[in-house]
Protein chains: 4
Amino acid sequence: MKLHVGILGATGAVGQKFIRLLQDHPWFEISFLAASNRSAGRPYGEAANWIESIPLPAKIASMIVQDCTPVADLDLVFSGLDASVAGDVEMAFAQAGIPVVSNAKNHRMDPSVPLLIPEVNPNHLALIERQKFSEGGFIVTNPNCASVGLTLALKPIHDAFGVEAVSVTTLQALSGAGYPGVASLDALANVIPFIGGEEDKLATEPLKILAPLETGSTPEVSTLQFPISAQCTRVPVLQGHLECVSVKLSSPADSEAVRKVLESFEAPAEIRRLPSSPERCLQVLDEPDAPQTRRHVGAGDGMTVSIGRVRPCEVLDVKFVVLSHNTVRGAAGGAILNAELLAAKGLLHHRAATLAAQGS
Amino acid sequence: MKLHVGILGATGAVGQKFIRLLQDHPWFEISFLAASNRSAGRPYGEAANWIESIPLPAKIASMIVQDCTPVADLDLVFSGLDASVAGDVEMAFAQAGIPVVSNAKNHRMDPSVPLLIPEVNPNHLALIERQKFSEGGFIVTNPNCASVGLTLALKPIHDAFGVEAVSVTTLQALSGAGYPGVASLDALANVIPFIGGEEDKLATEPLKILAPLETGSTPEVSTLQFPISAQCTRVPVLQGHLECVSVKLSSPADSEAVRKVLESFEAPAEIRRLPSSPERCLQVLDEPDAPQTRRHVGAGDGMTVSIGRVRPCEVLDVKFVVLSHNTVRGAAGGAILNAELLAAKGLLHHRAATLAAQGS
Amino acid sequence: MKLHVGILGATGAVGQKFIRLLQDHPWFEISFLAASNRSAGRPYGEAANWIESIPLPAKIASMIVQDCTPVADLDLVFSGLDASVAGDVEMAFAQAGIPVVSNAKNHRMDPSVPLLIPEVNPNHLALIERQKFSEGGFIVTNPNCASVGLTLALKPIHDAFGVEAVSVTTLQALSGAGYPGVASLDALANVIPFIGGEEDKLATEPLKILAPLETGSTPEVSTLQFPISAQCTRVPVLQGHLECVSVKLSSPADSEAVRKVLESFEAPAEIRRLPSSPERCLQVLDEPDAPQTRRHVGAGDGMTVSIGRVRPCEVLDVKFVVLSHNTVRGAAGGAILNAELLAAKGLLHHRAATLAAQGS
Amino acid sequence: MKLHVGILGATGAVGQKFIRLLQDHPWFEISFLAASNRSAGRPYGEAANWIESIPLPAKIASMIVQDCTPVADLDLVFSGLDASVAGDVEMAFAQAGIPVVSNAKNHRMDPSVPLLIPEVNPNHLALIERQKFSEGGFIVTNPNCASVGLTLALKPIHDAFGVEAVSVTTLQALSGAGYPGVASLDALANVIPFIGGEEDKLATEPLKILAPLETGSTPEVSTLQFPISAQCTRVPVLQGHLECVSVKLSSPADSEAVRKVLESFEAPAEIRRLPSSPERCLQVLDEPDAPQTRRHVGAGDGMTVSIGRVRPCEVLDVKFVVLSHNTVRGAAGGAILNAELLAAKGLLHHRAATLAAQGS
């Protein structure tokens, strides 16, 4: 029997990606779609302007969109809400005892909320116990769409050599801005060298994710302190954030050694067994002009981060190019992998408990 | 009476831009078009696949394309030749006494050849006297299309604070690869994180251009030694190279001080009077999302370099965004400005001298 | 002394194009900028999100945007208003005695309102006398951005051979949808085969414009009756509507004869003397792959319509390709040409009359 | 045991698509890759510039590319050869007894060669018996990438009402031109209203495909005679040819009746059972702005043709929009479906026969 999951912000671009990726999911079944008042009460097929390239499943189309208020019969909600409303709504669901797996930025840097990439910091899940919601409710978040690729690339390097500084320029896809997002007259044949709030997220989120879990009386994560300088640009591609990264190492290493730790990186076995886990979470490409956004963004069904051009840096120590799928690995797919980890660890049992309570 | 100029590589993308920019030029008149054997002997209108957005001028269309061999009746040739042939052909013209103003890379780093941006290093023209060609022939070059914007931006910073290191990621236009250049299936909705040879040029050319002229017994330019790390990418825009730059300074300065020296930079008065000189060679834009490639590439008819987002850098000292027009400022327009400087300094008199010698 | 003109809807995409094209206009000077309540009261530079590729002129930037209510000191207003508000606002200005030159669709098919292309039906201006506004106010309109190219191409054919039926498929630019208009996720690497209301306009507007003026007791235009079938699509180009047209003729003619009447078409001399009139309103291109949207859209500074590939049609009689600039010829530029014709005919004297009446 | 298939022109764009679509094919296994002399003798991974978005399979990468000369051990070859060489090479394979399933245009209109769309004219396979090649060799072709969508859409209409005339404008993807194909400077933000030879193919191929098979002493197909007028354009999309079609009917019918026959069309049951057959070969979409190239091109894994906007036509009788995937349904996928039909009909047994002959 599958777990019952809901989607908050179901009509938006991220919400639609959740729906697409959850079709035929072995563990999860969509039983609740919620969105703003504008959509609530209408069949999903009417309320949503479906932009995915597969047809909207008929069963989803006929579901009535609900308000974003907690209902009992859920094991989990995914949140693709806009940051302007996500904070309070997610809190309300958690307080109602429902686990929230969120893609929104609001709670990411909260000391009691895991900012989670299963291949990187699964032990940060321990932070959940610091959340004081009733009946097993809690919030887990995944990183910003541009942070996740950078952080996955930095993980093996930090483990092997230590990272002292990072300079990164991003070339981000239009889908990162949601729908309708960027106007076509701004996008076509143009580069916009600014994305509001993005550079700050790149400068901070990896420092929390890569930090060790301190397990004293209460679990704690003290963010690391090395500087990350980001310049974020929007380029006319549809899917895929490409990042040109330079790294200063704590322990000297040549670029071939860095290339090797990237290539040999593997997620823990318990992560690799999760349904949405790609065969490899990192792949190193050796063609001189790879990774390319459109060619390689689909690797591992959008869950594999591609790295290329690992070479010495004249100013810091090593530089390379990273590509990740911003709406799969960087949003809905990352959140689903987080939820799978929660399920595997037995942390999702809200509905069962509710049913049991009702039945007794 | 206008000077007679020739164009080598006249049928290529850069050659076509020379033709377009020289229409109605107050000092220069096209009297010679040369290209490869494939084109020689045919009317230009037939030999060239005209890709500029203005109609091909009828007078040019009917000119017969010549071989790339020197003829007497020229004051100057512009070279838009491919690097595979430019080296020898340009040498032959210079040896025939004809000044060569080249956009090709072949002679740029030759110690006796000026690598010239009139607003930055006009005194490097003194290197010409080291060239031992007969009858007044010499070679002058302009920088790579991506180097020129970076170097113009670094000039006032280096003068005011000293530059110790530079990290730059470029987002370069398709027109930088010439015609036919990049295949549309590689370009559309894609980023290619590699441009052959480009990162090396960015790492070396600014160091020559920014170096002081040493005037001992022979004029000399010792290239500077600070490190420049470049990551070059091709993005689906038509015109305009955008660069995300971070700089480490020799003398501490905050980003507002850097912004000010950029904004107040002016070319020497003798340069500002040249016909192709824009009102400002650098402009600082204060909108949060400027410069944008398509919006701002045409500033100063493509001769003004735009700078925006000057701000502190977490890893080096200051970072900002630079945009320059790759086929105008970065190719044909830059070369024409070089030629104007040569004319203004009285260095172009080959044909007059020839005519005089012929006794007429 | 220049005429004082106002712009209604000044902050929108068409309004911005009016501002750009009226810079340095020999006859007109912008003295009034009006827009919605959201913008009124603020300096234009703040109220408008300037999207033109030339810098916003400083004088315009500092003008305070007004409400869309008539003011005395104007000789003329241009309307770039959205159709949702244009009807009433334009009427109010006309009733206040101010000539309105509108790009909106609202009054185009009104029997007393000229739907004007100066090169095609200048005599339709006679309809103005049927408008019963006080003090010399009236409304003149220009056609839809896709109608204008089609109609200009049909004009010489209809004059020479008669048109019996037209089938047209359009490939229209993103700028035709205004700003923000089409979302980039809908536009990039996509074709949308639908533009709301557009096919109707193409099926009706040419029939009014090409109709003869009947000059009985009151001037009248009875729209023609031949069928026009349009299929309108949106394609990822920035500027320029390209149209694939097939025509059935009343009098038999081969395609070469049609090509000749297109090539030899000239506007009346009084029109050719207007400041915004291009050297040729129609040009026939003979390259096998012309006209191309990006290459040829700028012909005649956007006022020349380009035609190519005139050839026999297997189903109707002749077919060809038409390209016109949708925001210049098809919007602001067309309206300005209309206003120039009004000025040349002495129909603009509201302010002078007002001033005279005021006794100064 | 799978049939052994070869690919002629294996390194080109169509050849690569064959390789991709034949991965994990239930009936066919690639055992032979052939290309021009430039590639022959080298491992495929080196010889080909792989442009598909999935990784090149390792087994294919290591296969040595052969010359395009017949070898014994094959049941079938697919030809993705360029038309400049396809004619003779395909003939040579057929003469060597090897069935050729070709995507090239050379033999399409040959009276003894089936021009095949399995859902439309499977009985045309009978023409094979007119081919006089030894040992069971023959040639079967699939239509041009733009013809196939049009013909599939016309089939049910012609069956129900008769087609008297067709006018079609196509908006074709860049991938239709192969690789490198269209230069990005010609493609980006541009429309090219010309594709060499394409309009002729659209005007003739459907007339052969839709014609009845006449089964006298020898099977024969007399091409139909109604006129088809085509205007073909290249637009900046990656995959998918969209076509705006107008049709004159022999028997009067309103557009709703046409919509119904399109919607209810089904391939014969024997075709629907083929592995590459989509669930529906035609789908009618009722959204007002469908089909859209990028959104709907992947329907049925690229094998379903999408139709939308079925409505009355002011000039002919009915008009609508057709979208088909040009490199799947219109090239490699269509050819594979043809081969599956051949296999299902027991027409592929070259190798078995050869082996048997050798073994006895």
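Values in this document were obtained by computation on a predicted structure and should not be read as measured data.

Calculation criteria
Residues numbered from 1 in each chain as written. Chains lettered and ligands numbered in written order. Predicted model: local features only at pLDDT ≥ 70, side-chain atom pairs only at ≥ 80, totals over all residues. Least-squares fit on C-alpha atoms with pLDDT ≥ 70 in both. Contact = placed C-beta atoms within 7 Å. Helix = DSSP H or I, 4+ residues; strand = E, 2+ residues; numbered from the N terminus. Nonpolar A, V, L, I, M, F, W, Y, C, P; charged D, E, K, R; others polar. Domains from an automatic or database assignment. pLDDT = per-residue confidence, 0-100. Buried ≥ 20, exposed ≤ 12 C-beta atoms within 10 Å, placed from the backbone. Pairing = 2+ DSSP bridges. Right-handed = clockwise from strand over helix to strand, strands pointing away. Axes fitted to C-alpha atoms, helices over the stretch in contact; angles between N-to-C directions. Parallel < 35°, antiparallel > 145°, perpendicular 65-115°, else oblique. Left-handed = near helix turned anticlockwise from the far one by under 90°. Expected span 1.5 Å × (residues − 1).

**What about the relation of the copies chain C and chain D?**
- Expressed as a screw transformation, the operator carrying chain C onto chain D has a rotation angle of 180 degrees and an axial translation of 0.0 Å, and the superposed copies differ by an RMSD of 0.0 Å. Read as a symmetry element, the transformation amounts to a two-fold axis.
- A share of 100% of the interface residues of chain C reappears at the interface of chain D, consistent with the copies meeting face to face through the same patch.

**As for the relation of the copies chain A and chain B**
- When chain A is fitted to chain B, the residual RMSD is 0.0 Å, and the transformation amounts to a turn of 180 degrees plus an axial shift of 0.0 Å.
- Of the interface residues in chain A, 100% have counterparts in chain B that sit at the interface too, so the contact is made through matching surfaces.

**Concerning the interface of chain C and chain D**
- The interface of chain C with chain D comprises 36 residues on the first partner and 36 residues on the second.
- Counting residues per element, the ones that place at least two in the side of chain C that touches chain D are strand 6 (163-172), strand 9 (228-234), strand 10 (241-249), helix 10 (293-296), strand 12 (305-312) and strand 13 (318-324) of chain C.
- Looking at the side of chain C that touches chain D, its residues break down into 20 nonpolar, 10 polar and 6 charged.

**Some thoughts on the domain arrangement of chain A**
All names here are of chain A.
- Partitioning chain A into domains gives domain 1 (3-142 + 332-359) and domain 2 (147-325).
- Centre-to-centre separation of domain 1 and domain 2, based on C-alpha positions: 25 Å.
- Across the boundary between the two partners, domain 1 contributes 29 residues, which contact 28 residues of domain 2.
- For the side of domain 1 that touches domain 2, the leading source of residues is helix 11 (residues 328-344), giving 7 residues.

**Some details on the confidence of the model for chain A**
- A residue-level look at chain A finds 98% of positions with pLDDT of 70 or above and a mean pLDDT of 95.
- The complex prediction reports pTM at 0.96, with the ipTM value standing at 0.96.

**Concerning the interface of chain A and chain B**
- Across the boundary between the two partners, chain A contributes 36 residues, which contact 36 residues of chain B.
- Among the elements of the structure, strand 6 (163-172), strand 9 (228-234), strand 10 (241-249), helix 10 (293-296), strand 12 (305-312) and strand 13 (318-324) of chain A are those that each provide at least two residues to the side of chain A that touches chain B.
- Each residue belonging to the side of chain A that touches chain B can be placed in one class, and the counts come to 20 nonpolar, 10 polar and 6 charged.

**Concerning the pairing of strand 2 (residues 28-34) of chain C**
Residue and element names in this part refer to chain C.
- Judged by how many residues are buried, strand 2 sits mostly within the fold: 5 of 7 residues are covered.
- The pairing of strand 1 (residues 3-8) with strand 2 spans 6 bridges and is classified as parallel. When the sheet's bridge partners are listed, L3 is paired in strand 2 with F28.
- Crossover handedness for the path strand 1 to helix 1 (residues 13-22) to strand 2: right-handed.

**Here we look at the packing of helix 5 (residues 147-161) of chain D against helix 7 (residues 198-209) of chain D**
Residue and element names in this part refer to chain D.
- Interhelical geometry of helix 5 versus helix 7 gives an angle of 45 degrees and a closest axis separation of 9 Å. With respect to helix 7, the axis of helix 5 lies oblique. Seen from above, helix 5 lies across helix 7 with right-handed handedness. Between helix 5 and helix 7, the residues in contact are S147, L150, T151 and L154 and K201, L202, E205, P206 and I209, respectively.

**Thoughts on the environment of E29(A)**
Residues and elements named next belong to chain A.
- Note that E29 resides in strand 2 (residues 28-34).
- Residue E29 is classed as partly exposed on the basis of its C-beta count, with 14 C-beta atoms lying within 10 Å.
- Ignoring sequence-local partners within four residues, the contact set of E29 consists of K2, L3, H4 and V5.

**Examining the sheet that holds strand 11 (residues 282-285) of chain C**
Residues and elements named next belong to chain C.
- Read across the sheet, 6 strands follow the order 9-6-10-13-12-11 without closing on themselves; strand pairing throughout is mixed. Edge strands, defined here as strands with exactly one partner in the open sheet, are strand 9 and strand 11. Neighbour-to-neighbour, the strand axes of this sheet turn through a mean angle of 20 degrees, independent of strand direction.
- Judged from the 7 bridges that link them, strand 10 and strand 13 form a sheet pairing that is antiparallel.

**A look at helix 7 (residues 198-209) of chain B**
Residues and elements named next belong to chain B.
- With 12 residues, helix 7 should reach 16 Å at 1.5 Å per residue; the first-to-last C-alpha distance of 16 Å fits that figure.
- Within helix 7, 9 of the 12 residues are buried, leaving the element largely enclosed by the surrounding structure.
- Along helix 7, the residues classified as buried are E198, E199, K201, L202, E205, P206, L207, K208 and I209.
- At its buried positions, helix 7 is contacted by helix 5 (147-161), strand 6 (163-172), strand 8 (219-221) and strand 9 (228-234).

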